[in-house]
Amino acid sequence: EAISSFLDHLGGEDRFGLIGFADRQVTWITDFTSDAALFRRRLDVQEGYGRTALYDALAASPGLVEEGIQARKAIVLFTDGLDNASTMPPLQAVQVARRVSVPIYAVSFIHAPVDMLSDESRNSLMVLERFCRETGGRLFTIRNPDGLRAAAASIQEDLRLQYVIGFQPGPQESGVPFRRIRLETVRPRLRVRCRAGYYGG
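Residues numbered from 1 in each chain as written. Predicted model: local features only at pLDDT ≥ 70, side-chain atom pairs only at ≥ 80, totals over all residues. Heavy atoms only, no water.

## Observations regarding the overall build of the protein chain
For the protein chain, the count of helices and strands is six helices and seven strands. The linear arrangement of helices and strands in the protein chain, starting from the amino end, is α-β-β-α-α-β-α-β-α-β-α-β-β. In terms of overall size, the protein chain behaves like a compact globule, its C-alpha atoms giving a radius of gyration of 17 Å where 201 residues would be expected to give roughly 17 Å. Here the protein chain holds 201 residues, and the buried ones make up 36% of them. In the protein chain, once contacts between residues fewer than 6 apart in sequence are set aside, the share between residues at least 24 apart is 69%. Carbon and sulfur atoms make up 50% of the accessible area of the protein chain, which amounts to about 12,600 Å² in all. Charge centroids of the protein chain, computed over 25 positive and 24 negative side chains, lie 7 Å from each other. (Helix = DSSP H or I, 4+ residues; strand = E, 2+ residues; numbered from the N terminus. Rg over C-alpha atoms; globule rule 2.2 N^0.38 Å. Buried < 20%, exposed > 50% of the residue type's maximum accessible area, 1.4 Å probe, protein only. Contact = heavy atoms within 4.5 Å. Areas by Shrake-Rupley, 256 points an atom, 1.4 Å probe, with all protein chains shown as cover. Lys, Arg positive; Asp, Glu negative; His and termini not counted. Charge placed at Lys NZ, Arg CZ, Asp CG, Glu CD.)

Now the structure itself:
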């Protein structure tokens, strides 16, 4: 229902695909399409099952999307944020995910305010938030339909207000394979969000 609702906020020129993850499988369910009716038919027959290999999915999905289409793109992940089946440690999954230029936006369903969640749930949200931040995306925690509508609107705005900035990097420092990026604006009221960095060649 949340994915279908999110689809209502997309534009007529947008294309969307569905990737499912359960147990140790991360696979395409529907390839990129702009046919909302076809997408919803495939979505309606899906059932949630198995354990949640969230970190494995976060590591694998950017590569699938990167190869799937040459256009401005993002991953919107719907989850409860709790991993219980991944074979890949969280830190390694972050390193894999940030090698490609696909921002990850996560919509995590929670049953109570964040400060009332268990330590395990809060830790899982922290890992999920890091995935999003490292790739230039955002984490949204929602508890009701209003929260979903607000998250969908914010993601839409982000994707329509992107800039591409290029630069010539300096010499690669020895022993520093990952080079961090910090982007600032002269307007203090504005918040800039970008990927955390890149791996040198």
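## Comments concerning the pattern of salt bridges
Evaluated as defined, the whole model comprises eight salt bridges. The partner of Arg130 in a salt bridge is Glu134, and the shortest N-O contact between them spans 3.5 Å. One end of the pair is Arg130 and the other is Glu134, both in helix H5 (residues 119-135) and four residues apart, which spans about a single turn. We classify Glu134 as buried; its relative accessible area is 3%. The network of salt bridges with common partners includes Arg130, Glu134 and Arg180. (Salt bridge = Lys/Arg side-chain N within 4 Å of Asp/Glu carboxyl O.)

## A closer look at a nonpolar patch on the surface
A cluster of nonpolar residues, Tyr163, Ile165, Phe167, Ile181, Leu183 and Val192, forms a patch on the protein surface that exposes about 640 Å² of accessible area. With respect to the helices and strands, Val192 occurs in the loop between strand E6 (178-180) and strand E7 (197-199). (Patch = residues over 30% accessible without salt bridge, like charges linked within 9 Å, V, L, I, M, F, W, Y side chains within 5 Å.)

## What to know about the sheet that holds strand E3 (residues 75-79)
Spatially, the three strands line up as an open sheet ordered E3-E4-E5, and their pairing is parallel. Two strands bound the open sheet, and with one partner strand each, they are E3 and strand E5 (139-142). When strand polarity is set aside, the average angle formed by the axes of neighbouring strands in this sheet is 15 degrees. Sheet analysis places E3 next to strand E4 (residues 104-109), joined by five bridges and oriented parallel. (Pairing = 2+ DSSP bridges. Axes fitted to C-alpha atoms, helices over the stretch in contact; angles between N-to-C directions.)

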